[in-house]
Amino acid sequence: RELELDLRSAIEKGQMQLAYQPVINSETLEIAGFEALLRWHHPQRGWVPPSEFIPVAEASGQICDIGAWVLRQACQEARNWPDHLWVAVNVSPVQFKHRDLIQDLNTALLDASMSANRLELEITEGVLLHNTESTLATLESIHSLGVSISMDDFGTGYSSLSYLRMFKFDKIKIDQSFISDLHQTQDARAMIGAITSMCENLGIKTTAEGVETRAQQDILIQQKCSLLQGYLFGRPVLSSELDVYRFAKQ
Ligand code: G
Ligand code: G
Ligand code: MN
Ligand code: NA
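One numbering rule holds for all chains: residues counted from 1, following each sequence as written. Chain A is the first chain written and ligand 1 is the first ligand written, with later ones labelled in order. Confidence filtering applies because this is a predicted model: local features only for residues at pLDDT of at least 70, side-chain atom pairs given and counted only at 80 or more, and all residues used for totals across whole chains, interfaces and linings.

Student: Please give an account of the site of ligand 1 that cites residues and values.
Tutor: The criterion for a residue being near a molecule or strand is simple: its C-beta atom, placed using the backbone, must lie within 6 Å of it. Neighbouring residues of ligand 1: Leu37, Leu38, Pro49, Pro50, Ser51, Ile54, Gly67, Val70, Asn90, Val91, Ser92 and Pro236. Listing elements by their share of the shell around ligand 1, those giving two or more residues are strand E2 (31-42), helix H2 (50-60) and helix H3 (63-78). Element by element, the count of residues in the shell around ligand 1 is highest for H2, at three residues. Only Asp, Glu, Lys and Arg are considered charged, only Ala, Val, Leu, Ile, Met, Phe, Trp, Tyr, Cys and Pro nonpolar, and every remaining residue, Gly among them, polar. Looking at the shell around ligand 1 residue by residue, the class counts come to eight nonpolar, four polar and no charged. Helix and strand definitions follow DSSP, with helices as H or I runs of at least four residues and strands as E runs of at least two, each counted in order from the N terminus.

Here it is as structure tokens:
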């Protein structure tokens, strides 16, 4: 309740910032884009993790305003990056079902005059659980703007495979729980290989999340995972500390 009150003024007080974590092309090992991750610094509480405040914001509905701010901020910041770098934004199921999402998206892109094909939305199973016509219509509207859609935390949901039949995702992000035991078991390796070859046949890109070791990287490259993300390549850094031009193609 108190957190909810503080959250109400967090954006206007300038307490919210975006951190960006690089995502690497597994063939060139160059940075392909960044995932935006919300950070809240409260003067008394210090850094409040998203796992604490996002559920509160979802329950109170504040996530719609916060999510709209995240979209605007990510586009404003990414427009100054080299053209080939995309930015991925996490979208809460609550925000997704809100009728203003498409308008928020449009406004964010227009205000930043950023090309839509540099923006990607990450959605989770929560969006897809209710396989309704309006869910599909929203996904189609996002696509028709030229914005990409990826399925986050792939493999952890109840029916990840059936979601792939429901909608033509651009990308899936393989949950980090599948990556963490990659170098220990042959089964884990077989699963990654099955996921990447299925996705390749479907024309869907694959991102491995939570890549922390060189051994995991080697296996993921061998198993033809398209993109890699994790502490091995970089932690999320605040935009004030992000020198994206370092990542520009030579
Ligand atoms: O960096 P990490 O601790 O930041 O993120 C924890 C969780 O919070 C992740 O599941 C991530 O998807 C979620 N998250 C981070 N930023 C945002 C955001 O801007 N919007 C939403 N809806 N979720 C976010
Ligand atoms: O659910 P989502 O994928 O959006 O959440 C991303 C979360 O994963 C963030 O909290 C981010 O900080 C965290 N993360 C990113 N890379 C790594 C990693 O290599 N190892 C671990 N343990 N967490 C990571
Ligand atoms: Mn994500
Ligand atoms: Na994820």
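Student: Residue-level account of the site of ligand 2, with values.
Tutor: In the vicinity of ligand 2 lie 13 residues, with Asn90, Gly210, Glu212, Gly230 and Tyr231 positioned nearest. Looking at the shell around ligand 2 residue by residue, the classes come out as four nonpolar, five polar and four charged.

Student: Which residues make up the pairing of strand E6 (residues 148-154), and what values do they have?
Tutor: Exposure classification rests on a simple neighbour count of other C-beta atoms within 10 Å of a residue's own: a residue reaching 20 or more is buried, one at 12 or fewer is exposed, and one in between is partly exposed. C-beta atoms are placed from the backbone. Burial of E6 is extensive: five of the seven residues sit out of reach of the surface. Note: E6 against strand E7 (residues 171-174), three bridges, orientation parallel. Looking at the pairing, Ser150 lines up with Lys171 of E7. Classification remark: right-handed applies to a crossover when, strands pointing away from the viewer, the course from the first strand over the helix to the second runs clockwise. Read from E6 through helix H8 (residues 160-166) to E7, the crossover connection turns out right-handed. Here the rule is simple: two strands pair whenever DSSP picks up at least two bridges between them.

Student: Kindly report on the nonpolar core, identifying the contributing residues and their values.
Tutor: Ala36, Val70, Leu71, Ala74, Cys75, Val87 and Val89 are the most contacted members of the largest nonpolar core, which totals 65 residues. If one sorts the elements of this core by residue count, H3 sits on top with nine residues. Only buried Ala, Val, Leu, Ile, Met, Phe, Trp, Tyr and Cys residues enter a nonpolar core, and they are joined through C-beta atoms within 7 Å.

Student: Give a description of the environment of Leu161 that names residues and reports values.
Tutor: With respect to the element layout, Leu161 can be found in helix H8. Among the residues examined, Leu161 registers 12 C-beta atoms within 10 Å and is labelled exposed.

Student: Let's hear about the packing of helix H1 (residues 2-10) against H2: which residues, and what values?
Tutor: Every angle, taken between N-to-C directions, lies between 0 and 180 degrees, and every axis is a line fitted to C-alpha atoms, over only the stretch in contact when it is a helix. For the pair H1 and H2, the least separation of the axes is 10 Å and the interaxial angle reads 85°. Here H1 is positioned roughly perpendicular relative to H2, judged by the angle of their axes. Each of Leu3, Glu4 and Leu7 in H1 lies in contact with H2, whose residues at this interface are Phe53, Val56, Ala57 and Ser60. In terms of residue class, the contact of H1 with H2 is made up of five nonpolar, one polar and one charged. The labels follow the angle: roughly parallel below 35 degrees, roughly antiparallel above 145, roughly perpendicular from 65 to 115, and oblique for the rest. With C-beta atoms placed from the backbone, a contact is any residue pair whose C-beta atoms sit within 7 Å.

Student: Describe the packing of helix H5 (residues 101-112) against helix H7 (residues 133-145), and please don't skip the residues or the numbers.
Tutor: Packing of H5 against H7 leaves a shortest axis separation of 10 Å and a crossing angle of 15°. Here H5 lies roughly parallel to H7, going by the angle between them. Remark: the crossing between H5 and H7 carries right-handed chirality. Across the interface between the two elements, Leu101, Ile102, Leu105 and Asn106 from H5 touch Thr138, Ser141, Ile142 and Leu145 from H7. For the contact of H5 with H7, a count of residues per class yields five nonpolar, three polar and no charged. Crossings are classed by handedness, with left-handed meaning an anticlockwise turn of the near helix from the far one by less than a right angle and right-handed meaning a clockwise turn.

Student: Please give an account of H7 that cites residues and values.
Tutor: In this analysis, the expected span of each helix is defined as 1.5 Å times one less than the number of residues it contains. Between the first and last C-alpha of H7 there are 18 Å, a value that for 13 residues agrees with the 18 Å anticipated at 1.5 Å per step. Gly146 occupies a position one or two residues after H7 and carries a positive phi of about 100°.

Student: For unusual backbone geometry, give the residues involved together with the corresponding values.
Tutor: The phi angle at Leu29 is positive, at roughly 60°, despite the residue not being glycine. Inspection of the secondary structure assignment puts Leu29 in the loop between strand E1 (16-25) and E2. Look at Leu29 and you get exposed, because 11 C-beta atoms sit within 10 Å. In this model, Lys224 sits at a positive phi of 60°, which is unusual for a non-glycine residue. Structurally, Lys224 is set in the loop between helix H11 (214-222) and strand E9 (227-229). Classification of Lys224 as partly exposed rests on a count of 15 C-beta atoms within 10 Å.

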